[in-house]
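Read off the chains here:
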Amino acid sequence: MDAREMSLKYNLHSWSAQGKLNPIVVSKAEGIYFWDQDGKKYYDMSSQSVNSNLGHAHPKLVKAIQEQAAKIPFINPGIVIDVRAEAAKKIVELSGLEGAKVFFTNAGAEANENAIKMAKAYTGKWKIFSMYRSYHGSSAGAGMLTGEPRHFANEPGAPGFVKFEGPYAYRAPKACKFESEEAVTAYYLELLENQIKYEGPQQIAAIFMETVVGSNGILIPPKGYLPGVRALCDKYDILMVCDEVMAGWYRTGKCFAYQNFDVIPDLVTFAKGCTCGYIPLGGVIVCKRVAEYFNDHKMLCGLTYSGHPMGCALACTAIDVYQDEQIPENVAEVGELLGQLLESLKAKHPCIGEVRYIGLFSSIELVKDKKTREPIVSFNSDPEGIMPKVTGMLVKEGFYTYGHENMILVAPPLNIGKRELTEAIEILDKVLYSVDNML
């Protein structure tokens, strides 16, 4: 029995009808590439799940795991250990949240789960706002935060989760005729404030947002939107929570995406790029006033693997590598090229309605008609399997990524070079001609 046959027999695979699977069997991964068992090379253009920020088999990250495993592979979260304290210190310093503290989790969903609990405990309120077209995880609470079809399996779920329309000018109601980015901001802030009033601000504990919406299309907040949300949170005594699980760790060029938008949140959730997927680790950065609340009130959050020593050691090393290898500078330089290449694709392919990008975080929105903006597949409906066909063609050509709704994600490792990016986009270009012909 080979690996594929064994996997299909014994493993349940995420987000899939199990009987329709034909997964790649990977035998090697290095840098921005991986190889299947037949020796075929793939450009990893989604950084796996947008977490392999420093690529595969980075020697410094591998060494950090080896050294910590030989020293102290595990110790109870209540016991002090150097790497746990050092990782928290480095993360707080990078966050810009003076006086903050970190509660470590195993992944992004757990980070959001615990941020929900902290917000409710601190405010004494019970409603939680989050956007439509967002993803925050699939566990009980994080799944209810999620504002797209993957949350349906969690319903009816716990009470108090309220969705609102986040800014998405390309898919705004047809009656909206925005003359400027500021007009987009004003419109969506008015919608949000109205909903706060309708739901009762005295009952709203927190507003959760992916700082830059990830899998649902790289929706970048328009100018002034995040400061506007911050102002509403201050006005109505609501905590502002930025989910940086996907957008964090230099994916947008800054360590945390909110640092692009002149705003300071109360809670920040993170995971993925802090260890680049080599070891599971996530957490919540908790601002000073909320952290101090727990000086006198028991914090009812706890996990066996909170602040796992190997994860923390790896996070410390990854943070150093980001700086030593000038990753922010590379993201700025190569990200500029990515934007140019995507705009070029948009100009020549009828199937592309819009491209959105910030740093090395980008998405292509596929449409049937540029003028009407009709998506290539309807929201939560793809009976003909068009998007799997598109991503399947890409993978067959050696361009590994994933799609969601009518979007194709392009988010390569942050240490990719210009030549490698250009080569990969040439593959994407070739496949998009086939998509054009499908229309």
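Up top is the structure.
Residues numbered from 1 in each chain as written. Predicted model: local features only at pLDDT ≥ 70, side-chain atom pairs only at ≥ 80, totals over all residues. Heavy atoms only, no water.

Q: Even after reading the chapter, I still don't get the sheet that holds strand β6 (residues 161–164), so can you show me in this structure?
A: In sheet architecture, strand pairing relies on hydrogen bonds along the backbone and comes in two forms, parallel and antiparallel. Spatial strand order, β4-β10-β9-β8-β7-β5-β6: seven strands in an open sheet with mixed pairing. Of all strands in the sheet, those bounded by a partner on one side alone are β4 (101–105) and β6. Across this sheet, the average inter-strand angle for adjacent strands is 20°, counted without regard to direction. Bridge analysis of strand β8 (residues 239–243) against strand β9 (residues 267–270) gives three bridges, and the strand direction is parallel. What sits directly across from Asp-243, in β9, is Thr-269. (Pairing = 2+ DSSP bridges. Helix = DSSP H or I, 4+ residues; strand = E, 2+ residues; numbered from the N terminus. Axes fitted to C-alpha atoms, helices over the stretch in contact; angles between N-to-C directions.)

Q: How should the side chain of Asn-406 be read in this particular structure?
A: Structurally, Asn-406 is set in the loop between β15 (403–404) and β16 (407–410). Only 3.2 Å separates the side chain of Asn-406 from the side chain of Glu-365, close enough to count as a polar contact. Beyond its immediate stretch of four places on either side in the chain, Asn-406 contacts Arg-171, Ile-364, Glu-365, Leu-366, Pro-375, Ile-376, Val-377 and Met-387. (Polar contact = N/O pair within 3.5 Å; in protein donor to acceptor, adjacent residues only side chain to side chain. Contact = heavy atoms within 4.5 Å.)

Q: Please explain the packing of helix α7 (residues 181–199) against helix α8 (residues 225–236) as it appears in this structure.
A: Angle between the axes and distance between the axes: these two values describe a pair of packed helices. In the contact formed by α7 and α8, the axes pass within 10 Å of each other and the chain directions differ by 25°. By the angle between their directions, the pair α7 and α8 is classed as roughly parallel. Seen along the crossing, α7 lies across α8 with a hand that is right-handed. When α7 is examined against α8, the residues Thr-185, Tyr-188, Leu-189, Leu-192, Glu-193, Ile-196 and Lys-197 are found in contact with a partner set consisting of Tyr-225, Gly-228, Val-229, Leu-232, Lys-235 and Tyr-236. (Parallel < 35°, antiparallel > 145°, perpendicular 65-115°, else oblique. Left-handed = near helix turned anticlockwise from the far one by under 90°.)

Q: Please clarify how the environment of Val-212 should be interpreted in this entry.
A: Mapped onto the elements, Val-212 comes out in the loop between β7 (204–210) and α8. Remark: the alpha-carbon pair of Val-212 and Thr-105, spanning 107 residues in sequence, is separated by 22 Å. Each residue touching Val-212, except ones within four places of it in the same chain, is listed here: Ile-218, Leu-219, Ile-220, Pro-221, Ala-247, Thr-252, Ala-257, Phe-261, Ile-358 and Phe-361.

Q: Sorry, what's going on with the pattern of salt bridges here?
A: When the charged atoms of two side chains lie near each other, side chains of opposite charge can form a pair. Going through the model one piece at a time under the given rule, you end up with 20 salt bridges. We note a salt bridge from Asp-266 to Arg-230, for which the minimum N-O separation is 2.9 Å. One end of the pair, Asp-266, is in the loop between β8 and β9; the other, Arg-230, is in helix α8, with 36 residues separating them in the sequence. Given a relative accessible area of 5%, Asp-266 falls into the buried group. (Salt bridge = Lys/Arg side-chain N within 4 Å of Asp/Glu carboxyl O. Buried < 20%, exposed > 50% of the residue type's maximum accessible area, 1.4 Å probe, protein only.)

Q: It is not clear to me how the nonpolar core should be interpreted in this structure. Could you clarify?
A: Nonpolar side chains tend to gather and get buried jointly when the protein is soluble and globular. One finds Ile-207, Tyr-225, Ile-364 and Leu-366 to be the most contacted residues of the largest nonpolar core, which totals 138 residues. In this structure, Tyr-225 is in contact with Met-131, Phe-164, Gly-166, Pro-167, Thr-185, Tyr-188, Leu-189, Leu-192 and Met-209, ignoring residues within four places of it in sequence. (Core = buried A, V, L, I, M, F, W, Y, C linked by side-chain atoms within 4.5 Å.)

Q: Would you mind going over the environment of Lys-120 with me for this structure?
A: Mapped onto the secondary structure, Lys-120 falls in helix α5 (residues 108–123). A relative accessible area of 29% means that Lys-120 is categorised as partly exposed. The contact partners of Lys-120, leaving out residues within four places of it in the chain, are Lys-125, Trp-126, Ile-128 and Ala-205.

Q: How should I be thinking about the pairing of strand β11 (residues 352–358) in this particular structure?
A: In summary, the side chains of a regular strand alternate between the two faces of the sheet. The element β11 is extensively covered by neighbouring structure, given that five of its seven residues are classed as buried. Hairpin connection, β11 to strand β12 (residues 361–369): the antiparallel pair is bridged by two residues, and Gly-359 has positive phi, about 60°.

Q: Which parts of the structure should I look at to understand helix α4 (residues 82–95)?
A: Each full turn of the α-helix corresponds to 3.6 residues, which orients residues three or four apart in the same direction. An ideal rise of 1.5 Å per residue puts 20 Å on 14 residues; α4 measures up with 20 Å between its terminal C-alpha atoms. Packing partners of the buried residues in α4 comprise α3 (59–71), β4, β9, β10 (282–286) and α10 (309–324). One or two positions beyond α4, positive phi appears at Gly-96, with a value near 80°. (Expected span 1.5 Å × (residues − 1).)

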